[in-house]
Amino acid sequence: MNSPADLRLPFAVRRLTPALGAEISGVDLAQGVTPEVFRAIYDAFLRYQVLLFPSQEIPPAAQVAFARQFGEVQVHVMNQYHADGFPELYRLSNLDEHGRPNGRHPDKGTLAWHTDGSWQRVTGQATIIYGEVVPDTGGETHFCDMYGAYERLDAAWKARIADLRAVHNLDFSRTRRHGEDPLTEAQRLEKPPVDHPVVRTHPETGRKCLYLGDHAEYIVGMPYDEGRALIEELNALAVHPDLTCEHRWKPGELIVWDNRCLMHRATPYDPFTQRRVVRRCTVLGEVPS
Ligand SMILES: [Fe+2]
């Protein structure tokens, strides 16, 4: 529960793990959040990286309004996912028009550790997901603290990667890696590959973190295969039990996380027997540096 320093907060805070994550209770998101309460939520967002709001009814409009308090909400290039009349919302569902599981996983790319929007020049700040329907088993969301991942590297690793830049490419991660849901030619032209520092400094906390994940394809100035191997090695090194937070969803929960200092992934579920419908929006952040 709240530490003494938190007693003035307009909500209760319960840590999810020692490293990251907190449950925020006592905020009615459907009613809207005042600027004062939002400031306290935003402080918690920077401090805990992942915020879990317990089950509540949140209409799409309220989710978008909450997201807009964080900043400009992204309209995703893959417009086949737009939902509920809001181009800012991206719906992932495995249900057919009768509400039955259709046997197809809507986005296998989410199964690999990644950070949202790293394939754009201006990358993702917050991602906000609301669980409408969640599976009985599987379909969890896992988070990995990339501040901690950087801090765990030894001095030699830190020196080796200090000035490296990685090219992030949505076409790589979607088409070549997962073999599904390829971008259209127009989408590909709209979102060409971009390069970002492998070690970025969080623009608000000032802390350094690793910035890679599944969209990172190769390293600028390094032979392709060598860069691929380096990215794979660092992505694997980053994930450690002390740095991860694993969440099993209940219906009606909402989770907000900071893409600038986290990787995340979804775990598999059986799309033939389990039902999963989540709606997501991503707030645009900044150009990483
Ligand atoms: Fe994601």
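All figures in this text were calculated on a predicted structure; none of them were measured in a lab.

Definitions and limits used
- Residues numbered from 1 in each chain as written.
- Predicted model: local features only at pLDDT ≥ 70, side-chain atom pairs only at ≥ 80, totals over all residues.
- Heavy atoms only, no water.
- Helix = DSSP H or I, 4+ residues; strand = E, 2+ residues; numbered from the N terminus.
- Rg over C-alpha atoms; globule rule 2.2 N^0.38 Å.
- Buried < 20%, exposed > 50% of the residue type's maximum accessible area, 1.4 Å probe, protein only.
- Contact = heavy atoms within 4.5 Å.
- Areas by Shrake-Rupley, 256 points an atom, 1.4 Å probe, with all protein chains shown as cover.
- Lys, Arg positive; Asp, Glu negative; His and termini not counted.
- Charge placed at Lys NZ, Arg CZ, Asp CG, Glu CD.
- Donors = N, O, S within 2.8 Å, 3.2 Å for Na, K, Ca; no water.
- Pairing = 2+ DSSP bridges.
- Axes fitted to C-alpha atoms, helices over the stretch in contact; angles between N-to-C directions.
- Salt bridge = Lys/Arg side-chain N within 4 Å of Asp/Glu carboxyl O.
- Phe/Tyr/Trp six-rings, centres within 6.5 Å; stacked < 30°, edge-to-face > 60°.
- Lys NZ or Arg CZ within 6 Å of the ring centre and 35° of its normal.
- Core = buried A, V, L, I, M, F, W, Y, C linked by side-chain atoms within 4.5 Å.
- Disulfide = S-S within 2.5 Å.

K.L.:
Mind showing me how you'd approach the overall build of the chain here?
P.N.:
A tally of helices and strands in the chain yields seven helices and 16 strands. Its C-alpha radius of gyration of 19 Å places the chain within 12% of the 19 Å reference for a compact globule of 289 residues. Projected onto its principal axes, the C-alpha positions of the chain cover 50 × 50 × 30 Å. A burial count over the chain gives 55% of its 289 residues as buried. Across the chain, contacts joining residues at least 24 apart in sequence account for 82% of those joining residues at least 6 apart. Accessible surface, the chain as shown: approximately 12500 Å² in total, 52% of it carbon and sulfur. Taking the average location of the 32 positive side-chain charges in the chain and that of its 39 negative ones, the two points are 2 Å from each other.

K.L.:
Help me understand the coordination of the iron ion, please; the structure alone is not making it clear to me.
P.N.:
When a metal carries six donors in an octahedron, the ideal angles between them are 90 or 180 degrees, while four donors in a tetrahedron ideally lie at 109.5 degrees. Protein ligation of the iron ion involves His114 (NE2), Asp116 (OD) and His264 (NE2), the donor distances falling in the range 2.1 Å. Spacing between the donor residues of the iron ion along the chain follows H-x1-D-x147-H. With histidine 114 in the loop between β5 (86-93) and β6 (124-133) and histidine 264 in strand β15 (residues 262-266), this residue pair connects regions lying 150 residues apart in the sequence. On the basis of relative accessibility, which here comes to 5%, the residue histidine 114 falls in the buried class.

K.L.:
Honestly, the sheet that holds strand β8 (residues 165-168) in this entry has me stumped. Any pointers?
P.N.:
Sheet strands associate in pairs through backbone hydrogen bonding, adopting either a parallel or an antiparallel arrangement. What the three strands build is an open sheet, ordered β9-β8-β12; its pairing is antiparallel. Unpaired on one side and paired on the other, β9 (194-197) and β12 (216-219) mark the two borders of the sheet. Neighbour-to-neighbour, the strand axes of this sheet turn through a mean angle of 40°, independent of strand direction. Here three bridges tie β8 to β12, and the two strands are oriented antiparallel to one another. Its bridge partner lying in β12, valine 167 is registered against tyrosine 218.

K.L.:
What exactly am I supposed to notice about the pattern of salt bridges here?
P.N.:
Should their charged atoms come close, side chains of opposite charge can pair. Scanning the model with the defined rule gives 17 salt bridges in all. In this structure, aspartate 258 and arginine 260 form a salt bridge, with 2.9 Å as the shortest nitrogen-oxygen distance. Overall, arginine 260 belongs to the buried group, its relative accessible area being 1%. Where salt bridges share partners, they join Arg200, Glu204, Asp258, Arg260 and Glu286 into one cluster.

K.L.:
Looking at this model, I keep getting lost on the environment of glycine 26. Mind explaining?
P.N.:
Positionally, glycine 26 belongs in the loop between β2 (22-25) and α1 (35-48). Using a relative accessible area of 70% as the deciding quantity, one classes glycine 26 as exposed. Taking the C-alpha atoms as reference points, glycine 26 and phenylalanine 53, 27 residues apart in sequence, are found 8.7 Å from one another.

K.L.:
Help me understand the packing of aromatic side chains, please; the structure alone is not making it clear to me.
P.N.:
The geometry of an aromatic ring pair is captured by two quantities: the separation of the ring centres and the angle between the planes. Under the counting rule described, the total for this entry stands at ten aromatic pairs. Residues phenylalanine 38 and phenylalanine 70 carry aromatic rings whose centres are separated by 4.8 Å and whose planes lie at 90° to one another, so their mutual orientation is edge-to-face. Within this pair, whereas phenylalanine 38 is found in helix α1, its partner phenylalanine 70 is found in helix α2 (residues 60-70), the two being separated by 32 residues in sequence. A single burial state applies to phenylalanine 38 and to phenylalanine 70, both of which are buried. Here phenylalanine 45 and phenylalanine 70 contribute two aromatic rings whose centre-to-centre distance is 5.3 Å and whose plane-to-plane angle is 75°, an arrangement assigned as edge-to-face. Of this pair, phenylalanine 45 sits in helix α1 while phenylalanine 70 sits in helix α2; the two residues are 25 residues apart in sequence, bridging distant segments of the chain. Comparing phenylalanine 45 with phenylalanine 70 shows no difference in burial state: the two are buried. Members of the aromatic cluster, connected to one another through ring pairs, are Phe38, Tyr42, Phe45, Phe53, Phe66 and Phe70. The side chain of arginine 200 reaches across the aromatic face of tyrosine 211, ending 4.7 Å from its centre.

K.L.:
Explanation requested: the nonpolar core in the structure shown.
P.N.:
Side chains of a nonpolar character, in soluble globular proteins, are inclined to be buried together. Grouped together as the largest cluster of nonpolar side chains are 33 residues, with contacts concentrated most on Ile41, Leu51, Phe53, Phe66, Phe70 and Val256. Elements with a contribution of two residues or more to this core: β2, α1, β3 (50-53), α2, β6, β14 (254-258) and β16 (277-284). Per-element accounting of this core gives the leading share, nine residues, to α1. Sequence-distant contacts of phenylalanine 53, that is, excluding residues within four places in its chain, are made with Ile24, Val27, Leu29, Ile41, Phe66, Glu253, Leu254 and Val256. Core analysis: the second largest hydrophobic core is formed by 25 residues, Tyr150, Leu153, Cys209 and Ala238 among them.

K.L.:
Can you walk me through the state of the cysteines in this structure?
P.N.:
Enumeration over the complete set of coordinates arrives at zero disulfides. The thiol sulfur of cysteine 209 is not disulfide-bonded, and the nearest other cysteine sulfur, from cysteine 261, lies at 5.8 Å. Here cysteine 245 is not cross-linked by a disulfide; its sulfur's nearest cysteine counterpart is in cysteine 144, at 11 Å.

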